[in-house]
Amino acid sequence: MAGALTSSAARGAAPFLAAPRRGVPCAALSTGAVLAFAAITWLVGWRQGLLWLIGLGYGVLLSAAAFGFTTGWRVWITRRDPKGLWAQFVGIAVAMLLSVPLLAAHPELDGADGPLSISLLIGAFVFGAAMQVADGCGSGTLYKAGLGHPVSLAVLPAFVFGSFLGAAQLPAWLSLGSLPPVNLVQRLGAGCTLLLQLAALAVLAALLWRWRSTAPSRWNGATVWWAAIGLGLLAAANLAVAGQPWGIVYGLGLWGGKIVQALGIDIQHNAFWGQPVQQAQLHASVLADNTSVTDLGLLFGALIAASAKGKACPAVRLPLRQWLAAVAAGLLLGYSSRLAFGCNVGAYFSGIATGSVHGWVWFGCAFAGSLLGVRLRHRLGMAD
Amino acid sequence: MRRRWTGVLVFWAAVLALLWADWHGSTPHDRFAEPPPLALGHGPAADAGHCSLAPSSR
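Description of the structure in this document. What you see is a predicted model; the values in this text were computed from it and never measured.

## Focus: the packing of helix α8 (residues 150–174) of chain A against helix α12 (residues 249–262) of chain A
Angle between the axes and distance between the axes are the two parameters that describe a pair of packed helices. All names here are of chain A. With their axes 7 Å apart at the nearest point, α8 and α12 run at an angle of 85 degrees to one another. Here α8 lies roughly perpendicular to α12, going by the angle between them. Residues Leu156, Phe159, Val160, Phe161, Ser163 and Phe164 of α8 touch α12, and the partners they reach there are Val249, Leu252, Gly253, Trp255, Gly256, Gly257 and Val260. Classifying every residue of the contact of α8 with α12 by side-chain character gives nine nonpolar, four polar and no charged.

## Section: helix α11 (residues 223–242) of chain A
The first and last C-alpha atoms of α11(A) sit 27 Å apart over 20 residues, in line with the 28 Å expected at 1.5 Å per residue. For α11(A), the buried fraction is high: 14 of the 20 residues fall into the buried class.

## Section: helix α13 (residues 276–283) of chain A
Those residues of α13(A) that sit buried are A:Val277, A:Gln278, A:Gln279, A:Gln281 and A:Leu282. Packing partners of the buried residues in α13(A) comprise α12 of chain A.

## Observations regarding a nonpolar patch on the surface
A cluster of nonpolar side chains, A:Ile118, A:Leu121, A:Ile122 and A:Leu176, forms an exposed patch at the surface whose accessible area comes to about 320 Å². Assignment of secondary structure puts A:Ile118 in helix α6 (residues 118–134).

## Some remarks on empty space enclosed by the protein
Taken as a whole and judged by the stated rule, the model has three cavities of 30 Å³ or more. In this structure, the second largest cavity occupies an estimated 40 Å³ of space. What lines the second largest cavity is A:Asn238, A:Gln244, A:Pro245, A:Trp246, A:Gly247, A:Asn290, A:Thr291, A:Thr294 and B:His50. Residue contributions to the lining of the second largest cavity peak at three residues, all from helix α14 (residues 290–308) of chain A. Partitioned by chemical class, the residues of the lining of the second largest cavity number two nonpolar, seven polar and no charged.

Definitions and cut-offs
Residues numbered from 1 in each chain as written. Chains lettered and ligands numbered in written order. Predicted model: local features only at pLDDT ≥ 70, side-chain atom pairs only at ≥ 80, totals over all residues. Heavy atoms only, no water. Axes fitted to C-alpha atoms, helices over the stretch in contact; angles between N-to-C directions. Helix = DSSP H or I, 4+ residues; strand = E, 2+ residues; numbered from the N terminus. Parallel < 35°, antiparallel > 145°, perpendicular 65-115°, else oblique. Contact = heavy atoms within 4.5 Å. Nonpolar A, V, L, I, M, F, W, Y, C, P; charged D, E, K, R; others polar. Expected span 1.5 Å × (residues − 1). Buried < 20%, exposed > 50% of the residue type's maximum accessible area, 1.4 Å probe, protein only. Patch = residues over 30% accessible without salt bridge, like charges linked within 9 Å, V, L, I, M, F, W, Y side chains within 5 Å. Areas by Shrake-Rupley, 256 points an atom, 1.4 Å probe, with all protein chains shown as cover. Salt bridge = Lys/Arg side-chain N within 4 Å of Asp/Glu carboxyl O. 1 Å grid on protein atoms, 1.4 Å probe; cavity = no way out; pocket = protein on both sides within 12 Å on 5 of 7 lines; lining within 4 Å. Points joined across faces, edges and corners; volume = space filled by probe spheres on them.

Structure, rendered in structure tokens:
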């Protein structure tokens, strides 16, 4: 499907390639982004305003470089093209080099420390499979929805509802068995954590190089490397500003909870949403929630970058079966990411970058799931 | 071109409408209890949620 989407996107983007048409929406959107920064800062404070800017940066980089976790894994599985995975490792390494010393020196900051649970194994595996069918992970779905990709716009509401539902049932899943979170920074210290994790990433990168194909990569030029470095820097800034790493799906679940609550459904007695801290979040504005603000910024930043490149709102033609499969996969993405204590961002990128062992477990299980997901794509007639 | 932008315009109109409704339906924001601009040195907000957090960890 990605290939079909890419080609149809390129065809659909052709009318935007004329500079005057492309410049006007980009300038208007950039002005809107500045106004939104001023409004958020005025309404809820500097911290949220800064997080909006960080979110914008995520969206611009992801969209401008077509930086996809899902595609990076898939092109390795199908074509042995390692550049996408290498770029992910670079982003994680940059974030790690800044975040681990910060976490070691500032105990008031939190890593992405998820428990080592049965739900993590199942959730990450299902997420890895579903992200290949939906052709987008947490960040991928958000940035493509932001730039107006019709499939991701359809997947996003399902993702939101799935995240809400997954969080609501998370306590029941945890009762299947769970070990406490393990953070390497706390166990080994900053130096050993950096050494161990950078060595692990280097070994993986070397293995990818060993088994690489000689065919041209999907990503041309240095843009994807700059995007990876930029994402790593922004993730470290996220930690310093919010006190917690970059995450995505908590915010989506919160949006779902607010919508469900607004529809008159009582979730006060739910084992997750009924907790005092969650009730406080549900009754506060979403603009007060760190993850929601960066998610909104990511959505808007992606639109700005895509409109600047003339790639906003691609035209897509898919059979109904593929639309339905993508939306069902979106529901699974949301649900499974809450079981797995994060998606490719909250668990894989931020988990590993902040020394959480659950990030590595998530990576292994989700990659195994992606092997299945790529096969499912082929069964559904979706292109690579 | 216009038809293609319709989807994204509807999406952002819905986002803005939901944000407006959410702001007016939520507990009024206490401007005197805003956290400092950086969590560095101060810590995250007491009710900050994250996808990696176990349900009872905060």
